[in-house]
Amino acid sequence: MTDVECSDRFVREGSTGRVRVPIGLWLPFVVRTCADRRWTWDVAGVPATGHRVEAAGDGSLATFELPPLAAGYAPVCRRALRRIGELAEGKRS
């Protein structure tokens, strides 16, 4: 994903919007579940990754949950988590 537009400032069950993929195409999404710092969503009507954030020491641990059929998406998620970490540490603008 290169951009996100969402109907809500914070993720909640029922949030809708669209994401732009690297080829420039915008795809709609809806957040299916959101509770206890974990949320799941559908992108273009297809179940996508789950997301979870939990306390870890002096910081937080962010996790992507991949359905088995999306195992090929793991490298993309790994890059995204690295980028999230950089943003959280103030290394990127």
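For the structure itself, look to the data block above.
Basis of the calculations
Residues numbered from 1 in each chain as written. Predicted model: local features only at pLDDT ≥ 70, side-chain atom pairs only at ≥ 80, totals over all residues. Heavy atoms only, no water. Salt bridge = Lys/Arg side-chain N within 4 Å of Asp/Glu carboxyl O. Helix = DSSP H or I, 4+ residues; strand = E, 2+ residues; numbered from the N terminus. Buried < 20%, exposed > 50% of the residue type's maximum accessible area, 1.4 Å probe, protein only. Pairing = 2+ DSSP bridges. Axes fitted to C-alpha atoms, helices over the stretch in contact; angles between N-to-C directions.

## Here's the deal with the pattern of salt bridges
Close approach of charged atoms allows side chains with opposite charge to pair.
Next, step 1: Considering all chains together, one arrives at 7 salt bridges under this definition.
Next, step 2: The shortest N-O distance in the salt bridge between Glu-5 and Arg-18 comes to 2.7 Å. With Glu-5 in strand β1 (residues 3–6) and Arg-18 in strand β2 (residues 16–20), this pair connects stretches of sequence that are 13 residues apart.
Next, step 3: Residue classification places Arg-18 among the partly exposed positions, given a relative accessible area of 34%.
Next, step 4: By sharing partners, the salt bridges in this structure join Arg-38, Arg-52, Glu-54 and Glu-65 into a single network.

## Side note on the sheet that holds β2
Next, step 1: What the 6 strands build is an open sheet, ordered β1-β2-β3-β4-β5-β6; its pairing is antiparallel. Each edge of the open sheet is held by one strand with a lone partner, namely β1 and β6 (59–65). Averaged over neighbouring strand pairs, the angle between their axes works out to 25° when direction is ignored.
Next, step 2: Relative to strand β5 (residues 46–56), strand β4 (residues 38–43) is paired through 5 bridges, and the arrangement is antiparallel.

## Considering the pairing of β4
Next, step 1: Alignment of strand β3 (residues 26–35) against β4, held across 6 bridges, turns out to be antiparallel. By the bridge assignment, Cys-34 is partnered in β4 with Trp-39.
Next, step 2: Joining the antiparallel neighbours β3 and β4 is a turn of 2 residues, in which Asp-36 adopts a positive phi near 50°.
Next, step 3: Counting the residues between successive antiparallel strands, the hairpin from β4 to β5 contains 2 residues, one of them, Ala-44, with a positive phi of roughly 55°.

## Considering unusual backbone geometry
Next, step 1: Phi at Asp-36 is positive, roughly 50°, even though this residue is not glycine.
Next, step 2: Along the chain, Asp-36 falls in the loop between β3 and β4.
Next, step 3: For Asp-36, a relative accessible area of 76% translates into the label exposed.
Next, step 4: One non-glycine residue, Ala-44, lies in the positive phi region at around 55°.
Next, step 5: One can find Ala-44 in the loop between β4 and β5.

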